[in-house]
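Tertiary structure, described
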Amino acid sequence: MENYKKIRNLVIYGGAGIVISILVVSLGFLIYGRIYSAGVTIMVAPSIAKVRIGEMNFSASETIKIQPGEYVVEISADGFETKTGKLVAEADKNVDLNLYLEPSSDATANWYDEHASDALIVGEIKNKEMLKETTKLYEKYPVLKQLPLVVEYFSDDYSKYVKYVISYEIDDSENGFHLIMKDYTGEGVGAAITKLAEMGMDVVGLGIDYEDLSQQDLNYRAE
């Protein structure tokens, strides 16, 4: 009987100890998850680069969790220009750290030509930058979503031809883009300005690259 009591107490205390241990571990994970609740997805080229966020070091490609706050970021690699900047990490949110370094020596001048995987990363980073800039432009100039605009007309024999095409190209100007008009009728840039105004775009101050193609092949025939 005495042995039974000892075994029973051992089981009870042992089970309680296990439960307490699980609770402590779970609480630890919960506290850690709350303290280190800001996510950062790192995508950097070249792959040999060292990424330093605050006092912490990371590789060129990984997803991490850090404490929310503002950090100084430094990305470096032998033979490449070092880049520094600031990173703002917010609780329960994820931020992308996408950067590529430019070669700074003869030894690395052709690095991205010789390392296809790093070249792909650079291409992906540039595409993300372009998407981000385009999104900003769409928010400021919603009409850009309707470009390229192809204005057509029918000739006397009912053949359909293109009058002019209006598109845009992202640049480093104050507006962030310039318009491009390819005119197949010779109507002039005023026709494009009038058309865009009808669509709700204020074109005052916007740059327009105008190309008169009216002498080429009697206008462009629409398919």
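These numbers were taken from a predicted model, which means no experiment stands behind them.

1. Points about the pairing of strand β1 (residues 38–45)
Where burial is concerned, most of β1 is hidden: 7 out of the 8 residues are buried. Across 6 bridges, the pairing between β1 and strand β4 (residues 61–66) is antiparallel. Pairing of Thr41 across the sheet is with Thr63, part of β4. Sheet topology places β1 next to strand β7 (residues 94–100); 7 bridges connect them, and they run parallel. Following the sheet pairing, Val44 is matched in β7 by Leu99.

2. A word on unusual backbone geometry
Of the consecutive residues Ala45 and Pro46, the connecting peptide bond is found in the cis state with omega at 5°. Summarising the element assignment, Pro46 is placed in the loop between β1 and β2 (50–53). Omega for the bond connecting Leu147 with Pro148 falls within 30 degrees of zero, at 5°, which places this linkage in the cis form. Considering the arrangement of structural elements, one finds Pro148 in the loop between α3 (116–140) and β8 (149–154). One non-glycine residue, Asp92, lies in the positive phi region at around 60°. Looking at Asp92, the relative accessible area reads 56%, which means it is exposed.

3. Some thoughts on the sheet that holds strand β6 (residues 83–89)
Reading across from one edge, β3-β2-β5-β6 is the order of the 4 strands in this open sheet, with antiparallel pairing throughout. The sheet terminates laterally at β3 (56–58) and β6, the two strands that pair on one side only. Neighbour-to-neighbour, the strand axes of the sheet open up by a mean angle of 25°, direction not taken into account.

4. What about the pattern of salt bridges?
Overall, the coordinates contain 5 salt bridges when judged by the stated rule. Here Glu70 ties to Lys86 by a salt bridge, and the two come within 3.5 Å at their closest N and O atoms. Taken together, the residues Glu70 in strand β5 (residues 69–76) and Lys86 in strand β6 connect sequence positions 16 residues apart. For Lys136, the salt bridge goes to Glu133, with nearest N and O atoms at 3.9 Å. With Lys136 and Glu133 both in helix α3 and 3 residues apart, this pair spans about one turn of that helix.

What counts and how
Along each chain, residue indices are assigned from 1 in the same order as the chain's sequence is written. Reporting of local features is limited, given that this is a predicted model, to residues whose pLDDT is at least 70; pairs of side-chain atoms are given and counted only at 80 or more, and all residues count toward the totals for whole chains, interfaces and linings. The side-chain values count all of the structure's non-hydrogen atoms but skip hydrogen atoms and water molecules. Here the term buried applies to any residue with accessible area under 20% of the maximum for its type, exposed to any over 50%, and partly exposed to those in between, with areas from a 1.4 Å probe on protein chains only. A run of H or I in DSSP becomes a helix once it reaches four residues, and a run of E becomes a strand once it reaches two; helices and strands are each numbered from the N terminus. Between any two strands, at least two bridges found by DSSP are needed for them to pair. To define axes, lines are fitted to C-alpha atoms, for helices over the stretch in contact only, and angles between the resulting N-to-C directions are given on a 0 to 180 degree scale. The working definition used for a salt bridge is a side-chain nitrogen of Lys or Arg within 4 Å of a carboxyl oxygen of Asp or Glu.

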